[in-house]
Amino acid sequence: MASQSKVTISFFASGFCEAHEKVVNPKKGFGKISFYAVWALIEVPNLGYMLFDTGYSHHFEKATQRFPGKLYRIATPVKLKTEESAVEILKRKGIHHTEIKYILVSHFHADHIAGLKDFPSAKIICSKVAFLQTQQLQGIKAVLKGILHQLIPEDILQRINFIEDLSEETHQNNYGLTEYKWNLIPNLKFLLLPGHAKGMLGFHFANEYTNLLFATDAAWDTDCFNKGIMPLKIVKIFIDSWDELNDTSEKLKAMKNDSPSLEIAFTHCPKTLQLITHAF
Ligand SMILES: [Zn+2]
């Protein structure tokens, strides 16, 4: 897949949940919309494979059998075939789960981390505040913030690394977004995208062919993002900060305005599925 000299990124989807279109765009009706759980495989020369998020896995079903976790499944009914989980997709590509060295977690919502337990030897990387929140919230309070403790590996304290500590260059970009550069991964920067979830990360991958900002859940739909349409306010219940969600969206729009070649993709936007067929 990758040449020997450069980082390559490939996107995949593992399952989806359904919601009403109105949730994403309050001007729409009650038609159904699918939120695909997109994740990325990053191959780094001389280092190996990393994942950025994992999508859904069968662990989600187990973690939502009883209350309060069951509320999550009621709110977002999930469809996933066994062969669609990240570990199975990678197996078909000839990549064994032990070859995944790191998993970068954008945020701890179940649709981004449900596959973590399928990669028991991977180190896990996230932002400090995202991890701290998982340690502070328990029971229904955690579920209301999209956190299912059963999806988090029991030995996470031995495997967790924080992007703030790994980053060799941390700065605010011209638009006020914090960027982290881990020199182990050339051409790639991580961005802190507050609002949707505490300490949520995205990444910006740029080389002579690609200028892609994977902004995870900073918005759910590219058209709504472009038009400044915010989700239905009922979702405020699990959004970390509505004001920061707005603010991050404005900053991303400013980046896009100043750099027309920049492509911004969001985890759950149907347009993002088009990224799945190529490797970048
Ligand atoms: Zn999320």
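For the structure given in this document, a descriptive report is provided here. In this text, all values refer to a predicted model and were calculated from it rather than measured experimentally.

### Focus on the coordination of the zinc ion
Here comes step 1: Coordination sphere of the zinc ion, protein contribution only: His-107 (NE2), His-109 (ND1), His-196 (NE2) and Asp-217 (OD), at 2.1 to 2.3 Å.
Here comes step 2: Considering all four donor atoms around the zinc ion, the spread of angles at the metal, 87 to 173 degrees, places the coordination shape in the irregular class.
Here comes step 3: For the zinc ion, the donor residues sit on a single chain with the sequence spacing H-x1-H-x86-H-x20-D. Of the two residues, His-107 is situated in the loop between strand S5 (100–104) and helix H5 (110–113) and His-196 in the loop between strand S10 (188–192) and strand S11 (201–206); the sequence distance between them amounts to 89 residues.

### Looking at the side chain of Thr-178
Here comes step 1: Looking at the element boundaries, Thr-178 is found in strand S9 (residues 178–181).
Here comes step 2: For Thr-178, a relative accessible area of 17% translates into the label buried.
Here comes step 3: Residues contacting Thr-178, with those up to four places away along its chain left out, are Thr-170, His-171, Gln-172, Phe-190, Leu-191 and Leu-192.

### Focus on unusual backbone geometry
Here comes step 1: The residue after Phe-67, namely Pro-68, is reached through a cis peptide bond having omega 0 degrees.
Here comes step 2: One non-glycine residue, Asn-46, lies in positive phi territory at about 65 degrees.
Here comes step 3: Following the sequence through the fold, Asn-46 ends up in the loop between strand S2 (32–44) and strand S3 (48–52).
Here comes step 4: One non-glycine residue with positive phi stands out, namely Thr-216, at about 40 degrees.
Here comes step 5: Mapped onto the secondary structure, Thr-216 falls in the loop between strand S12 (211–214) and helix H10 (222–227).
Here comes step 6: Given a relative accessible area of 0%, Thr-216 falls into the buried group.

What counts as what
Residues numbered from 1 in each chain as written. Predicted model: local features only at pLDDT ≥ 70, side-chain atom pairs only at ≥ 80, totals over all residues. Heavy atoms only, no water. Donors = N, O, S within 2.8 Å, 3.2 Å for Na, K, Ca; no water. Tetrahedral: all angles 85-135°; square planar, octahedral: opposite > 155°, others 65-115°. Helix = DSSP H or I, 4+ residues; strand = E, 2+ residues; numbered from the N terminus. Buried < 20%, exposed > 50% of the residue type's maximum accessible area, 1.4 Å probe, protein only. Contact = heavy atoms within 4.5 Å.

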